[in-house]
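So you can see what is in the structure, the chains are spelled out below.
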Amino acid sequence: MANFPPLDAPVAEEPIGANPLPERRLPRRARTSHLVWIIVPLVFATLGWSLFAGEVIAERLYQLGQATGVVLIGALGLVLGFYTKHATVQIERAYSGHLEGLSQRLRSLAYQDSLTDLYNHRYFYEQLTHEVERANRYGRPVSVILLDLDNFKDVNDTYGHLMGDKLLTLMGRVIKEQVRGADIPARYGGDEFAIILPDTTRAAAEATAEKLSRAIATGHTNAGPLSESLPLSASCGVACCPDEARTVSDLLQLADDRVYKAKKSPASPPALSLAQ
């Protein structure tokens, strides 16, 4: 099963219902109450010493006690200030982590197709643009596979749109099982899927497309009754940059033309279509 590359290339992403935030403990109120119970009696003791101690003890001892009380209150004030600063830092870190988690979740929602759990068209196009530029600059090939489900409209008309959605979810699962970790699978739109294969020649990409088509047609999946009751087949088109096209639009157009040609040509073996 493929592991999605990071979002910078984005990333990979957690289920929408999951909690993406790490657990962080905020400072407990009990610690503050402990300091209050120490400081308040000390303040009252110092005030009492200042008001009444001079009547019963010597002047020099009285002054020493006053100085000691002031020093102790100052020290406790520093401790309280340090503790307050530490608590503030902890709160800021927890809040920063919360914002980071929300940001990651928003990035996931922005780049992920919720139905198939693949990347969406926006992320696919961004990454294909990056890979095409790299291929043209360094001469390293990048191939793209466009995959179109056959007779998907008949599935919707016969079984309903809910079953059609289940079929699309199944296709997302099959595609992720068949591609490499470095590949970038995406839902291109509707019942169309697309896969970017970095550092892959057309011949190698065609082998991947054939493997994908066979997995779909023969039901090599864990879908169970769903894959047994639905007519699963797909037509694929493959194109390679920079050997066959040097721009994103030309690359996609060439792959799309080959999908159309595959749909019009007789499939051999049954339910397997791949245009040359």
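If you're wondering where the values come from, they're calculated on a predicted model, not measured in any experiment.

Undergrad: When you look at helix α5 (residues 161-178) in this model, what are you seeing that I'm missing?
TA: Residues separated by three or four positions in an α-helix point in the same direction, a consequence of the helix having 3.6 residues per turn. Taking 1.5 Å per residue as the helical rise, α5 with its 18 residues ought to reach 26 Å, and the 26 Å between its terminal C-alpha atoms agrees with that figure. All buried positions along α5 are accounted for by Gly164, Leu167, Leu168, Leu170, Met171, Gly172, Val174, Ile175, Lys176 and Gln178.

Undergrad: Could you clarify how one ought to interpret helix α4 (residues 152-159) in this entry?
TA: When α4 is considered as a whole, its buried residues turn out to be Phe152, Val155 and Asn156. Each buried residue of α4 lies within a common arc of 95° when the element is viewed along its axis, so the set occupies one face. Opposite the packed face of α4, turned more than 90 degrees from it, sit the exposed residues Lys153, Asp157 and Thr158. Where the residues of α4 are buried, they touch β1 (142-149) and α5. Once α4 ends, the next one or two residues include Gly160, with phi positive near 100°.

Undergrad: Got a minute to help me understand the pattern of salt bridges in this structure?
TA: As a working rule, side chains carrying opposite charge can pair if their charged atoms are close by. This structure, assessed with the given rule, holds 13 salt bridges. Taking the shortest distance from any N to any O, the salt bridge between Asp150 and Lys263 comes out at 2.6 Å. You can see Asp150 sitting in the loop between β1 and α4 and its partner Lys263 sitting in helix α8 (residues 248-264), a full 113 residues away along the chain. Among the residues examined, Asp150 registers a relative accessible area of 14% and is labelled buried. Here the salt bridges do not stand alone but share partners, grouping Glu131, Arg134, Arg140 and Asp199 into one network.

Undergrad: Sorry, what's going on with the side chain of Asn156 here?
TA: Following the sequence through the fold, Asn156 ends up in helix α4. In this structure, Asn156 is in contact with His161 and Gly164, ignoring residues within four places of it in sequence.

Reading the values: rules and limits
- Residues numbered from 1 in each chain as written.
- Predicted model: local features only at pLDDT ≥ 70, side-chain atom pairs only at ≥ 80, totals over all residues.
- Heavy atoms only, no water.
- Helix = DSSP H or I, 4+ residues; strand = E, 2+ residues; numbered from the N terminus.
- Expected span 1.5 Å × (residues − 1).
- Buried < 20%, exposed > 50% of the residue type's maximum accessible area, 1.4 Å probe, protein only.
- Arc of directions from axis to C-beta.
- Contact = heavy atoms within 4.5 Å.
- Salt bridge = Lys/Arg side-chain N within 4 Å of Asp/Glu carboxyl O.

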